Amino acid sequence: MAKLFHVPLSPFCRKVRLSLAEKRIECELIEERYWEQDPDFLRRNPAAKVPVLRLDDRVMSESAAICEYLEEMYPEPSLMPKGAEERYEVRRLVSWFDDKFHHEVTSKLLYERVNKKVMGQGFPDSRNVKDGAKRIKYHLDYMAWLLDQRRWLAGDVMTLADFAAAAHLSSLDYISDVDWNRSEVVKDWYAKIKSRPAFRSILADQVPGFLPPPHYADLDF
Ligand SMILES: N[C@@H](CCC(=O)N[C@@H](CS)C(=O)NCC(=O)O)C(=O)O
């Protein structure tokens, strides 16, 4: 069986978990405290980052590369459209969330509030938290603008772009940092994606010391 070395609230790990689950690839989840730099872990991924996936006798890192590998090896159900333009748009949006959103929002909210505590690195820096809380509004508005024109973020079918976005937002939702009342279309999109069977394991996550809000696992909010 596949093994995924992960941490529960990591958006990169969550994106891979969603892809694996959507494609019904059974996978054992193994929590990896990457900051402890266990030598076995460093052998698996010298970059010392999660996720790391062991599948078909291969050890793989980098969530975007893993998701594209899964797409090529397990094409059904598909998470990438067929046309070059549509594929470009999926990749652009995956980068938007894993690069821009991660830098401007996830690292300022989740890493300050959760990772610092779990890693014993002190208290959240309130300037970062304030900045992340301000910047997420722009991203939610951008998503609303996209979703006013499309059924899913990158077009009319659900793709990896939706999983990338949902991975970040679900981690932030665990710590109540998403204002779902800001946009009805974004809330509806999240309710739709959250109710997929692939999301179940993510909604069941429990991080010691951090209790999710009651709506976190509520499929109707
Ligand atoms: N580009 C990598 C980023 C993965 C990443 O940054 N993971 C975080 C956890 S959310 C990590 O392992 N950080 C450790 C580090 O940066 O040293 C991917 O997409 O897999």
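Note that this is a predicted model, so its numbers are computed, not measured.

Reading the values: the criteria
- Residues numbered from 1 in each chain as written.
- Predicted model: local features only at pLDDT ≥ 70, side-chain atom pairs only at ≥ 80, totals over all residues.
- Heavy atoms only, no water.
- Helix = DSSP H or I, 4+ residues; strand = E, 2+ residues; numbered from the N terminus.
- Rg over C-alpha atoms; globule rule 2.2 N^0.38 Å.
- Buried < 20%, exposed > 50% of the residue type's maximum accessible area, 1.4 Å probe, protein only.
- Pairing = 2+ DSSP bridges.
- Right-handed = clockwise from strand over helix to strand, strands pointing away.
- UniProt positions renumbered as here; feature names shortened; annotations may be inferred.
- Axes fitted to C-alpha atoms, helices over the stretch in contact; angles between N-to-C directions.
- Contact = heavy atoms within 4.5 Å.
- Domains from an automatic or database assignment.
- Salt bridge = Lys/Arg side-chain N within 4 Å of Asp/Glu carboxyl O.
- Nonpolar A, V, L, I, M, F, W, Y, C, P; charged D, E, K, R; others polar.

Caption draft 1: Local environment of the overall build of the protein chain. Helix and strand counts for the protein chain come out as eight helices and four strands. Listed N to C, the secondary structure of the protein chain is β-α-β-α-β-β-α-α-α-α-α-α in terms of helices and strands. Its C-alpha atoms give the protein chain a radius of gyration of 17 Å, near enough to 17 Å, the size a compact globule of 221 residues would have. Projected onto its principal axes, the C-alpha coordinates of the protein chain cover approximately 50 × 45 × 30 Å. The burial tally for the protein chain puts 51% of its 221 residues in the buried class.

Caption draft 2: Spotlight on the pairing of strand E1 (residues 2-6). Among the five residues of E1, four are classified as buried, and the element is accordingly described as predominantly covered. Here E1 runs beside strand E2 (residues 27-31); their pairing, made up of five bridges, is parallel. Looking at E2, one finds that Phe5 is bridged to Ile30. For the crossover from E1 across helix H1 (residues 11-22) to E2, the handedness is right-handed. Relative to strand E3 (residues 52-55), E1 runs antiparallel, the two sharing three bridges. Along E3, the bridge assignment pairs Lys3 with Arg54.

Caption draft 3: Here's a closer look at the UniProt feature "domain: GST N-terminal" (unreviewed entry) in the protein chain. When the UniProt feature table is mapped onto this chain, "domain: GST N-terminal" (unreviewed entry) is found at residues 1-78. Regarding residues 1-78, the helix share stands at 37% and the strand share at 23%, and the terminal C-alpha atoms are separated by 21 Å.

Caption draft 4: Fine view of the UniProt feature "domain: GST C-terminal" (unreviewed entry) in the protein chain. Feature annotation in UniProt places "domain: GST C-terminal" (unreviewed entry) on residues 83-216, given in this structure's numbering. End C-alpha atoms of residues 83-216 are separated by 35 Å, and the span's content is 65% helix alongside 0% strand.

Caption draft 5: Spatial organisation of the sheet that holds E1. Spatial strand order, E2-E1-E3-E4: four strands in an open sheet with mixed pairing. The open sheet terminates on both sides in strands that have one partner only, identified here as E2 and strand E4 (58-61). Neighbour-to-neighbour, the strand axes of this sheet turn through a mean angle of 20°, independent of strand direction. Lying on the sheet, H1 is in contact with E1, E2 and E3; it crosses E1 at an angle near 160°. On the sheet, helix H3 (residues 63-73) packs against E3 and E4 and is oriented at approximately 130° with respect to E4.

Caption draft 6: Structural detail: the domain arrangement of the protein chain. For the protein chain, the assigned domains are domain 1 (2-73) and domain 2 (84-200). Of note, the centres of domain 1 and domain 2, computed from C-alpha atoms alone, are 20 Å apart. Contact residues are listed per partner, giving 16 residues for domain 1 and 23 residues for domain 2. Counting across the interface, domain 1 meets domain 2 through three salt bridges. Arg196 serves as the salt-bridge partner of Glu22, at 2.8 Å between the closest nitrogen and oxygen. When contributions to the side of domain 1 that touches domain 2 are tallied by element, the ones reaching two or more residues are H1 and H3. The leading source of residues in the side of domain 1 that touches domain 2 is H1, at eight residues. Its residues assigned to classes, the side of domain 1 that touches domain 2 shows eight nonpolar, three polar and five charged.

Caption draft 7: Layout of the pairing of E4. Both E3 and E4 contribute to a ladder of four bridges, which runs antiparallel. When the sheet's bridge partners are listed, Arg54 is paired in E4 with Val59. Between E3 and E4, which follow one another and run antiparallel, lie two residues, and Asp56 among them has a positive phi close to 50°.

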